[in-house]
Amino acid sequence: MRHTQLGKSDLQVSKICLGTMTFGEQNTEAEAHRQIDYALERGINFIDTAELYPVMPRSKTQGKTEEFIGSWIKKFGKRNEIVLATKVAGPSRGLDWIRKGENDLNALNIRSAVETSLKRLQTDYIDLYQLHWPSRNAPIFGQKNFDPTLERPSTAIAETLAVLSELVSEGKIRHIGVSNETAWGVSEFIKQAEQQNLERIISIQNAYNLVNRSFEQGLDESCFRDHVSLLAYSPLAFGRLTNKYTDDLNAQGRLTLFPATWSPRYMRAEVVTASQRYATLARAHGMTPASMALAWCYSRWFVASTIVGATNLVQLKENIDAFELTLSEEVVSSINAIHAKMNNPAQ
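The rules we used
- Residues numbered from 1 in each chain as written.
- Predicted model: local features only at pLDDT ≥ 70, side-chain atom pairs only at ≥ 80, totals over all residues.
- Heavy atoms only, no water.
- Salt bridge = Lys/Arg side-chain N within 4 Å of Asp/Glu carboxyl O.
- Helix = DSSP H or I, 4+ residues; strand = E, 2+ residues; numbered from the N terminus.
- Buried < 20%, exposed > 50% of the residue type's maximum accessible area, 1.4 Å probe, protein only.
- Pairing = 2+ DSSP bridges.
- Axes fitted to C-alpha atoms, helices over the stretch in contact; angles between N-to-C directions.
- Contact = heavy atoms within 4.5 Å.
- Expected span 1.5 Å × (residues − 1).
- Arc of directions from axis to C-beta.
- Phe/Tyr/Trp six-rings, centres within 6.5 Å; stacked < 30°, edge-to-face > 60°.
- Lys NZ or Arg CZ within 6 Å of the ring centre and 35° of its normal.
- Left-handed = near helix turned anticlockwise from the far one by under 90°.

(A) Up close: the pattern of salt bridges. In total, this model carries 19 salt bridges according to the counting rule given. Residue Glu170 is joined to Arg111 by a salt bridge in which the shortest nitrogen-to-oxygen separation is 2.6 Å. Of this pair, Glu170 sits in the loop between helix 4 (157-169) and strand 7 (173-179) while Arg111 sits in helix 3 (residues 107-121), and the two are 59 residues apart along the sequence. A residue is classified by how much of its surface remains accessible, and Arg111, at 25% relative accessible area, is partly exposed. One salt bridge in this structure joins Lys317 and Asp321, with 2.6 Å as the shortest N-O distance. Here the residue Lys317 and the residue Asp321 both occupy positions in helix 11 (residues 313-321), the gap between them amounting to four residues, near one helical turn. In this structure Asp321 comes out as partly exposed when scored by relative accessible area, which is 28%. The network of salt bridges with shared partners includes Arg111, Glu115, Glu166, Glu170 and Lys172.

Written as structure tokens, this is what we have:
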């Protein structure tokens, strides 16, 4: 397993990051611990979670993912062997069970979120603290275009950065990042940090996969020039790129277990068609659809680390094994040909 530097920080993380959003919903505490152990055995030192998790987001399970990671840390005492990332929930998503719906990214809410996460994770510090989504109106979670009619009051980026910088000074978090951000957002975070002498973001966690390559439309240049590392999430598009839902009409996964309204972008007909074309290409070259989709993410120059999630060790092994695959020029050319005809259907 190779490692890489996040931004300009001192964090050295594995090129694969263990995603944990299934812990507490689709995975038990014991299964979660086994996944973490196996990931470490394979050279992964990077674990990503969020106060929101697990998904499907629900009041009765919220926070369990962090709790499971915390119990692993307490039981095995390997805190110094992992780079631990978590996220604070943003506003306007109907999560009235998190701080009674008061989730704007201001000082009061961020401090409350950090303290609660530290307790659940049973640690004194968080290596990478991320804003799960913007405070302001922005096109995220499958919203293809910016809509000014959706404008709402929001916390200024400088105000958010100020409290995060205080928490870094206090040693409760080491570095900061954003998630589900835009090119404008990244540039604004950097500008405000420089103008106000505040902490710089070192990472952005955005969706990136074969059916959503929107990161390549401006964010790649912004992040390159501002030294912000991409943590690619949903590399398998919620399992759609495994083609399991087409191969087996009784397949179980997030797209069948949870309401379609929760992940509509992965239910679009054009996403299904594109996924089938990628699956056909993978099998024609002796690969599983999942392995090819992951190898694609692993090989992109702008992806610092790819976040993979699994509900069992067989899936996790395949996800990690795909790191050893090298895609031929023919396969890459064929992938780009499909992309040219079906441009970012899951954006």
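Moving on from the coordinates now.
(B) Just the sheet that holds strand 3 (residues 16-19), in detail. The sheet built from eight strands closes into a barrel, its strands ordered 3-4-5-6-7-8-9-10 with parallel pairing. The average angle at which neighbouring strand axes cross in this sheet is 30°, direction not considered. Direction of pairing for strand 8 (residues 201-207) relative to strand 9 (residues 229-233): parallel, over a ladder of five bridges. From the neighbouring strand, Asn206 faces strand 9, where its bridge partner is Ala232. Of the strands in this sheet, strand 5 (83-88) and strand 6 (126-131) touch helix 3, which is tilted by about 135° from strand 6.

(C) Structural view of helix 3. If you check helix 3, its first and last C-alpha atoms are 21 Å apart, about what 15 residues at 1.5 Å a residue would give, namely 21 Å. Buried residues of helix 3: Asn109, Ile110, Ala113, Val114, Ser117, Leu118, Arg120 and Leu121, and no others. What you see down the axis of helix 3 is that its buried residues fit within an arc of 165°, all on one side. The outward face of helix 3, more than 90 degrees from its buried face, is lined by the exposed residues Leu108 and Lys119. Looking at the buried positions of helix 3, the neighbouring elements they touch are helix 2 (64-76), strand 5, strand 6 and helix 4. Just downstream of helix 3, Gln122 is the residue with a positive phi angle, here 55°.

(D) Summary view of the packing of aromatic side chains. Counted by the stated rule, this structure contains ten aromatic pairs. Between Tyr208 and Phe302 the ring centres are 5.3 Å apart and the planes differ by 90°, which places this aromatic pair in the edge-to-face class. Of this pair, Tyr208 sits in the loop between strand 8 and helix 6 (219-226) while Phe302 sits in the loop between helix 10 (289-299) and strand 10 (303-308), and the two are 94 residues apart along the sequence. Across the pair, Phe302 and Tyr208 agree in class, each one buried. Pairwise contacts between aromatic rings join Tyr208, Phe215, Phe224, Trp301 and Phe302 into one cluster. Arg254 extends its terminal NZ or CZ atom over the ring of Phe238, reaching a point 4.7 Å from the ring centre.

(E) Representation of the packing of helix 1 (residues 29-41) against helix 2. Two elements in contact, helix 1 and helix 2, have axes separated by 9 Å at closest approach and are oriented at 65°. Taken as a pair, helix 1 and helix 2 cross one another with a handedness that is right-handed. Across the interface between the two elements, Glu29, Ala32, His33, Ile36, Asp37 and Leu40 of helix 1 pack against Phe68, Ile69, Ser71, Trp72, Lys75 and Phe76 of helix 2.

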